[in-house]
Amino acid sequence: SFRAQLARLANRNHDYVLVLRILNPILRADRENISSATPEALTVYATSLLWIGAIEESKECLGRIKVSTEALLTEAFVHFAQWDYQQAIPVLMKYINSSTINDYQRLVGQVNLLAAAIATGNLKQARAVSGPLIGTLRQSPSHQLLYGNCLELRAQIEILEDSFEQA
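Residues numbered from 1 in each chain as written. Predicted model: local features only at pLDDT ≥ 70, side-chain atom pairs only at ≥ 80, totals over all residues. Heavy atoms only, no water.

**Some points on the packing of helix 1 (residues 3-12) against helix 2 (residues 16-27)**
In step 1: At a minimum axis separation of 8 Å, helix 1 and helix 2 run at an interaxial angle of 165 degrees. Between helix 1 and helix 2, the interaxial angle falls into the category roughly antiparallel. Note on packing geometry: the crossing formed by helix 1 with helix 2 is left-handed. Taking contact as the criterion, the partners of Arg3, Ala4, Leu6, Ala7, Ala10 and Asn11 in helix 1 are, on helix 2, Tyr16, Leu18, Val19, Ile22, Leu23, Pro25 and Ile26.
In step 2: Its residues placed into classes, the contact of helix 1 with helix 2 shows 11 nonpolar, 1 polar and 1 charged. (Axes fitted to C-alpha atoms, helices over the stretch in contact; angles between N-to-C directions. Helix = DSSP H or I, 4+ residues; strand = E, 2+ residues; numbered from the N terminus. Parallel < 35°, antiparallel > 145°, perpendicular 65-115°, else oblique. Left-handed = near helix turned anticlockwise from the far one by under 90°. Contact = heavy atoms within 4.5 Å. Nonpolar A, V, L, I, M, F, W, Y, C, P; charged D, E, K, R; others polar.)

This is the structure in structure tokens:
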């Protein structure tokens, strides 16, 4: 019962191989029992597969999850890894609008939505997301990394619109 929690801790420390070693016995040793794995374990496993470059296996693992808001963010990252930002947008919208995530998770989703909008060339959507997001993040000293990411993305918008002085 502690495997998923231990794997999550290893995942947060970017030790993806350790995550795979922790969860492999319950997710891969007997594929018939994979349906008994929790959505949390499957999500952490899929995330680690993604970060080691096993994108197709990550997608297959995510496909086994019936309901998990947390898996949506990993699914969006899979689309990012495949350079398919357009497919990531509705997934990120579903994630952001979920009532089961906390405020910080919502901000992470919004920053990623901003990146996807820029990558697809939808600068109108990017501006609509970045304005309120920058205002929220500017006021929070505990979210400086997200704030810096958001400012960098905003500079990309300005550069794409030839507003170099604004950038």
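**Observations concerning the pattern of salt bridges**
In step 1: Under the criterion given, the structure shown has 8 salt bridges.
In step 2: Between Glu40 and Arg8 there is a salt bridge whose closest N-O contact spans 3.0 Å. Here the residue Glu40 occupies a position in helix 3 (residues 39-51), and Arg8 occupies one in helix 1, the gap between them amounting to 32 residues.
In step 3: Glu161 is the partner of Arg127 in a salt bridge, and the nearest nitrogen-oxygen pair spans 2.6 Å. Separated by 34 residues along the polypeptide, Arg127 in helix 8 (residues 123-138) and Glu161 in the segment after helix 9 (144-160) bring together distant segments of the chain.
In step 4: The class for Arg127 is partly exposed, based on a relative accessible area of 28%.
In step 5: With relative accessibility at 34%, the residue Glu161 sits in the partly exposed group. (Salt bridge = Lys/Arg side-chain N within 4 Å of Asp/Glu carboxyl O. Buried < 20%, exposed > 50% of the residue type's maximum accessible area, 1.4 Å probe, protein only.)

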